[in-house]
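Structural description and commentary
Listed below, chain by chain, are the residues.
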Amino acid sequence: MHIAVTGNIGAGKTTLTTMLSKHYGWDAQFEDVDHNPYLEDFYADMSKWSFALQIYFLGSRFRQVKEIRESGKNIIQDRTIYEDAHIFAENLNDMNLLSDRDFKNYEAVFTLMKSFISAPDLLIYLKSDVPNLVKKIYKRGREYEASISIEYLSKLNQKYEKWISNYTEGKLLVIEVDDIDFVEKPEDFGFILEKIEAELNGLF
Ligand SMILES: Nc1ncnc2c1ncn2[C@@H]1O[C@H](COP(=O)(O)OP(=O)(O)O)[C@@H](O)[C@H]1O
Ligand SMILES: Nc1ncnc2c1ncn2[C@H]1C[C@H](O)[C@@H](COP(=O)(O)O)O1
């Protein structure tokens, strides 16, 4: 079984992925952030590094999907390959930080990859407002993320809303994380578990 947690930067994906992996004993797959060779440079100069970063994330995420398929295990994944293409790359192109020529090149590779992958059995979308995302990004304290603008987060949130409202590839669970605190309140984590189990009824 393949579960994926999706959502904007700072929504709580890594935190929830870790908690669910411990709770159910599922293997977890995290994003390639700490050893990412482009991320810090990207935040310093988005236009210069956007194509290199997108290709890096695409390759790294495709490797994860391949591993998920080959492992035969229950796996929970922190962010999906769809977000790289439909949220981040598209937004960088909209913001003229990724040229049309590079975006077309990227899309051609993504379209090819898409024919080899299947959607997760369940996608859990952590929905959050920009002020709460900003608070959590600040709390996490990655220095290079200090340059993330409200405009960038807002545009990403709009892309998420559009993508999620058209998502039909598999089961979808939307959790409004600003109204709950699944870290501090066990009853809120329990609420998420109930929702997941209702969605996965029969697959457990
Ligand atoms: N529900 C929550 N309550 C309090 N703090 C949270 C919650 N979810 C995440 N955080 C904190 O917010 C920061 C960002 O969370 P993280 O899981 O890294 O987000 P993401 O992986 O979506 O970028 C971390 O410092 C984390 O501890
Ligand atoms: N495809 C991507 N393009 C640009 N930036 C990306 C992409 N995927 C992830 N990121 C960034 C956003 C954050 O700074 C880090 C980690 O993501 P997070 O949502 O905090 O788990 O990578």
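Read on for an overview of the structure. (Residues numbered from 1 in each chain as written. Chains lettered and ligands numbered in written order. Predicted model: local features only at pLDDT ≥ 70, side-chain atom pairs only at ≥ 80, totals over all residues. Heavy atoms only, no water.)

Describing the sheet that holds strand 5 (residues 171-176)
- Pairing in this open sheet of five strands is parallel, and the strands run 2-3-1-4-5 from one edge to the other. The outermost strands of the open sheet, each flanked by one partner alone, are strand 2 (27-29) and strand 5. With strand direction ignored, the average angle separating the axes of adjacent strands in the sheet is 20°.
- With four bridges connecting them, strand 1 (residues 2-6) and strand 3 (residues 75-78) associate as parallel partners. When the sheet's bridge partners are listed, Val-5 is paired in strand 3 with Asp-78.
- Each of strand 1, strand 4 (122-127) and strand 5 touches helix 7 (residues 150-165); the most contacted strand, strand 4, lies at about 145° to it.
- Of the strands in this sheet, strand 4 and strand 5 are in contact with helix 8 (residues 186-199), which crosses strand 5 at around 165°. (Pairing = 2+ DSSP bridges. Helix = DSSP H or I, 4+ residues; strand = E, 2+ residues; numbered from the N terminus. Axes fitted to C-alpha atoms, helices over the stretch in contact; angles between N-to-C directions. Contact = heavy atoms within 4.5 Å.)

Observations regarding the pattern of salt bridges
- Taken as a whole, this structure holds 12 salt bridges when the rule is applied.
- Across the pair Glu-31 and Arg-79 runs a salt bridge, and its minimum N-O distance is 3.0 Å. Here Arg-79 lies in the loop between strand 3 and helix 4 (81-94) and Glu-31 lies in the loop between strand 2 and helix 2 (39-44), a separation of 48 residues in the sequence. For the pair Glu-31 and Arg-79, a shared accessibility class is recorded, and that class is buried.
- Note that Glu-151 and Lys-155 form a salt bridge whose closest N and O atoms lie 3.9 Å from each other. With Glu-151 and Lys-155 both in helix 7 and four residues apart, this pair spans about one turn of that helix.
- For Glu-151, a relative accessible area of 47% gives the class partly exposed.
- Looking at Lys-155, the relative accessible area reads 28%, which means it is partly exposed.
- Look at the salt bridges and you will find they share partners, linking Glu-31, Arg-61, Arg-79, Glu-83 and Asp-84 into a network. (Salt bridge = Lys/Arg side-chain N within 4 Å of Asp/Glu carboxyl O. Buried < 20%, exposed > 50% of the residue type's maximum accessible area, 1.4 Å probe, protein only.)

Thoughts on the layout of surface pockets
- Computed from the structure, the largest pocket encloses a volume of approximately 910 Å³.
- Ile-9, Gly-10, Gly-12, Lys-13 and Arg-140 are, among the 38 residues lining the largest pocket, the residues nearest its centre.
- Going through the elements one at a time, helix 1 (13-24), helix 2, helix 3 (46-71), helix 4 and helix 6 (130-140) are the ones with two or more residues in the lining of the largest pocket.
- The dominant element in the lining of the largest pocket, judged by the number of residues it contributes, is helix 6, at five residues.
- Looking at the lining of the largest pocket residue by residue, the class counts come to 14 nonpolar, seven polar and 17 charged. (1 Å grid on protein atoms, 1.4 Å probe; cavity = no way out; pocket = protein on both sides within 12 Å on 5 of 7 lines; lining within 4 Å. Points joined across faces, edges and corners; volume = space filled by probe spheres on them. Nonpolar A, V, L, I, M, F, W, Y, C, P; charged D, E, K, R; others polar.)

Re the site of ligand 1
- Around ligand 1 sit 14 residues, and of these Gly-10, Lys-13, Thr-14, Thr-15 and Arg-140 come closest.
- Separating an oxygen atom of ligand 1 from a side-chain N or O atom of Thr-15 is a distance of 2.5 Å.
- Residue Asp-181 places a side-chain N or O atom 3.1 Å away from a nitrogen atom belonging to ligand 1.
- Coverage of ligand 1 by the protein amounts to 84% of the 560 Å² it exposes when considered alone.
- Judged by its atoms lying within 2 Å of the grid points, ligand 1 is housed in the largest pocket.
- Within the residue set of the shell around ligand 1, elements represented by two or more residues are helix 1 and helix 6.
- Class assignment for the residues of the shell around ligand 1 results in four nonpolar, five polar and five charged. (Near = heavy atom within 4 Å. Polar contact = N/O pair within 3.5 Å; in protein donor to acceptor, adjacent residues only side chain to side chain. Areas by Shrake-Rupley, 256 points an atom, 1.4 Å probe, with all protein chains shown as cover. Sits in = over half its atoms within 2 Å of the grid points.)

Quick notes on the site of ligand 2
- Of all residues adjacent to ligand 2, which total 16 residues, the nearest are Lys-13, Glu-31, Tyr-43, Gln-54 and Glu-145.
- Lys-13 places a side-chain nitrogen or oxygen 2.7 Å from an oxygen atom of ligand 2.
- At 2.4 Å, a side-chain N or O of Glu-31 approaches an oxygen atom of ligand 2.
- In isolation ligand 2 offers 470 Å² of accessible surface; the protein chains occlude 99% of this area.
- The cavity where ligand 2 resides is the largest pocket.
- Counting only elements with at least two residues in the shell around ligand 2, the list comes to helix 2, helix 3 and helix 4.
- Tallied by class, residues from the shell around ligand 2 come to seven nonpolar, one polar and eight charged.

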